[in-house]
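Here is how the chains run, residue by residue.
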Amino acid sequence: MLQTHTPRTLRVPAENTTLTITDITAEASRLDAFDNHERVWHGRDVERGLNAIVAIHNTALGPGLGGTRVWPHETFEAALTDVLRLSRGMTFKSAIAGMDFGGGKALIIANAKTDKTPALLEAYAEMLAALDGQYYTGEDVGFTVADADFLRARTPNVTGTTVGGSGNPSPVTAHGVFLGVKAALKHRGVDKLAGVHVAVQGLGSVGWTLCEKLHAEGARLTVTDIDAVRIRQAGEAFGAEGVGTDAILQVPAQVFAPCALGGVLSAETIPSLGAKIVAGAANNQLARHEDAKLLLQRGVLYAPDYVINAGGLLNVAAELAPGGYDRAATMAKVAQIPDTLTDIFQRAEAQNRSTNDVAAEIAYERIEAARK
Ligand code: NAD
């Protein structure tokens, strides 16, 4: 378990606001997913429809950085669990990518298509401003570049914007995942993508771009999405075969690329997994950390999610570097993702440990060194 860093306080919110921000760290600490978070804040504005949680996991390396997810969780506890797990993942992602940022993540409990009004985003911008630099946000599921631009006009703690910023991180994430898929295949002795069968779950911003890249190098694709239109479009664009959302895990592909939501690899799904490599963009692919062992026992090579999907984070973090965003320098860092993965694969194999364990160990070492 990581040591906590400095206690965090709030800047006094503007007068006449209907927004309230509450420290819910103690409430969050009762959940299994808590893992010693530094601070968890709840922003509520009934009038403007905001119900948001900002979780700051660890800031030993720098301020918390991680996107805002907009998702209509059915219970507050489910939302809290989700954001805690995501925030923790960001700590590891930043650390292993060699960045001077900590782990943080936000979740707005809302339907991105129907509830994400300008008033809600105004209230959220006030919440970010009150956090006063302890947390920087950016895009995630349900939160777009346009949303980031809207917030950036109101508070500085926003990345992934178009105005002087890096824009949409998804293509960069997809590029890193693409390189990671190739590194995993290479580790298993496959040097070319031509003819390799890849099963892609989720045809959103990252999944679609990944498919484009895989298709361009001759991979054979089987795809799924909860949106049947996307499956049909992938059939037309890439000659991809479409399957149902439950069937994708069992497809006997060489690579399974989860690019939808988390928790897809579990004690229930791993025994019937069709692929021997898992390499995809989704955050928190493992339902529990222990499930990495089940993958190892089945001979499945797992590219730890927070290593392979770090491209987007590297891209948005570059906006905060002295001198501003530098595309070439960012892409050079993304190009190191396969080397980091190969190192993890080799160490895991030599020590007969899960790749997830090895990745966590590397991240822990860097965070602990910084803290000391
Ligand atoms: P997105 O919202 O654009 O796409 C997600 C897609 O998954 C959608 O098309 C959705 O319909 C589909 N989907 C949802 N549930 C599904 C299910 N059960 N089965 C099949 N498909 C389903 O999101 P994105 O930006 O492409 O991100 C995808 C994943 O990658 C997320 O887990 C995200 O946290 C992670 N990630 C994204 C980035 C980035 O830069 N966008 C960076 C790191 C990690």
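1. Description of the domain arrangement of the protein
Along its sequence, the protein is organised into domain 1 (20–152) and domain 2 (170–309 + 338–366). Tallying the contact residues gives 18 residues for domain 1 and 17 residues for domain 2. Interface area, domain 1 with domain 2, both sides summed: about 1,500 Å², of which 57% is carbon and sulfur. On the domain 1 side of the contact with domain 2, Arg85, Phe92 and Ile96 bury the most area, a combined 44% of that side's loss. Where domain 1 touches domain 2, the interface holds one salt bridge. Where domain 1 touches domain 2, the interface holds eight residue pairs in polar contact (both at pLDDT 80 or more). Elements that contribute at least two residues to the side of domain 1 that touches domain 2 include exactly β5 (68–71) and α2 (76–96).

2. Details of helix α6 (residues 205–216)
End to end, α6 covers 17 Å across twelve residues, agreeing with the expected 16 Å (1.5 Å per residue, within 8%). The elements touched by buried residues of α6 are α5 (170–187), β8 (197–201), β9 (220–224), α7 (228–238) and β11 (255–258). Looking one or two places after α6, you find Gly218, whose phi comes out positive at around 90 degrees.

3. Section: the site of the ligand
Thr173, Val206, Asp225, Ala260 and Asn283 are the nearest of the 22 residues found near the ligand. One nitrogen or oxygen atom from the main chain of Ala260 is found 2.6 Å from an oxygen atom belonging to the ligand. Interatomic distance of 3.3 Å between a backbone N/O atom of Ala281 and an oxygen atom of the ligand. Burial of the ligand by the surrounding chains reaches 83%, relative to a free accessible area of 840 Å². Of all the secondary-structure elements, those providing two or more residues to the shell around the ligand are α5 and α6. The residue inventory of the shell around the ligand, partitioned by class, reads nine nonpolar, nine polar and four charged. Inspection of the shell around the ligand shows a minimum of three residues originating in each of domain 1 (20–152) and domain 2 (170–309 + 338–366).

4. Side note on α7
All of the buried residues along α7 are Ile231, Ala234 and Phe238. Along the long axis of α7, the arc covered by the buried residues comes to 65 degrees, so they all point the same way. For α7, the exposed residues set more than 90 degrees away from the buried face come down to Ala228 and Glu236. Buried residues along α7 sit in contact with α6, β9 and β10 (241–242). For α7, the side-chain oxygen to backbone nitrogen distance between the N-cap and Val229 is 3.0 Å, and the N-cap itself is Asp227. Once α7 ends, the next one or two residues include Gly239, with phi positive near 65 degrees.

5. Thoughts on the packing of helix α12 (residues 337–351) against helix α13 (residues 355–371)
It is the contact of α12 with α13, at a shortest axis distance of 8 Å, that shows an interaxial angle of 115 degrees. Crossing geometry of α12 relative to α13 is assigned as right-handed. Listed contacts from α13 to Asp343, Ile344, Phe345, Arg347, Ala348 and Gln351 of α12 are Thr355, Val358, Ala359, Glu361 and Ile362.

6. Quick word on the pattern of salt bridges
Counted according to the given criterion, the structure contains 16 salt bridges. Here Arg39 makes a salt bridge to Asp23, at a shortest N to O gap of 3.3 Å. With Arg39 in strand β2 (residues 39–45) and Asp23 in strand β1 (residues 20–23), this residue pair connects regions lying 16 residues apart in the sequence. The salt bridge partner of Lys116 is Asp147, with a shortest N-O separation of 2.5 Å. Placement of the pair is Lys116 in the loop between β6 (102–109) and α3 (118–131) and Asp147 in helix α4 (residues 145–152), with a sequence separation of 31 residues.

7. Observations regarding the packing of α2 against α13
Here α2 crosses α13 at 80 degrees, and the two axes come no closer than 8 Å. When the interaxial angle is binned, α2 and α13 end up roughly perpendicular. The residues of α13 that touch α2, namely those facing Arg88, Thr91, Phe92, Ser94, Ala95 and Ile96, are Ala359, Ala360, Ile362, Ala363, Tyr364, Arg366 and Ile367. In the contact of α2 with α13, the residues fall into nine nonpolar, two polar and two charged.

8. As for the state of the cysteines
If you walk through the whole model with that rule in mind, you get zero disulfides. No disulfide involves Cys211; its sulfur sits 7.4 Å from the nearest other cysteine sulfur, which is in Cys259. A relative accessible area of 11% places Cys259 in the buried class.

Procedures and definitions
Residues numbered from 1 in each chain as written. Predicted model: local features only at pLDDT ≥ 70, side-chain atom pairs only at ≥ 80, totals over all residues. Heavy atoms only, no water. Domains from an automatic or database assignment. Contact = heavy atoms within 4.5 Å. Buried area = accessible area lost by both parts, 1.4 Å probe. Salt bridge = Lys/Arg side-chain N within 4 Å of Asp/Glu carboxyl O. Polar contact = N/O pair within 3.5 Å; in protein donor to acceptor, adjacent residues only side chain to side chain. Helix = DSSP H or I, 4+ residues; strand = E, 2+ residues; numbered from the N terminus. Expected span 1.5 Å × (residues − 1). Near = heavy atom within 4 Å. Areas by Shrake-Rupley, 256 points an atom, 1.4 Å probe, with all protein chains shown as cover. Nonpolar A, V, L, I, M, F, W, Y, C, P; charged D, E, K, R; others polar. Buried < 20%, exposed > 50% of the residue type's maximum accessible area, 1.4 Å probe, protein only. Arc of directions from axis to C-beta. Axes fitted to C-alpha atoms, helices over the stretch in contact; angles between N-to-C directions. Left-handed = near helix turned anticlockwise from the far one by under 90°. Parallel < 35°, antiparallel > 145°, perpendicular 65-115°, else oblique. Disulfide = S-S within 2.5 Å.

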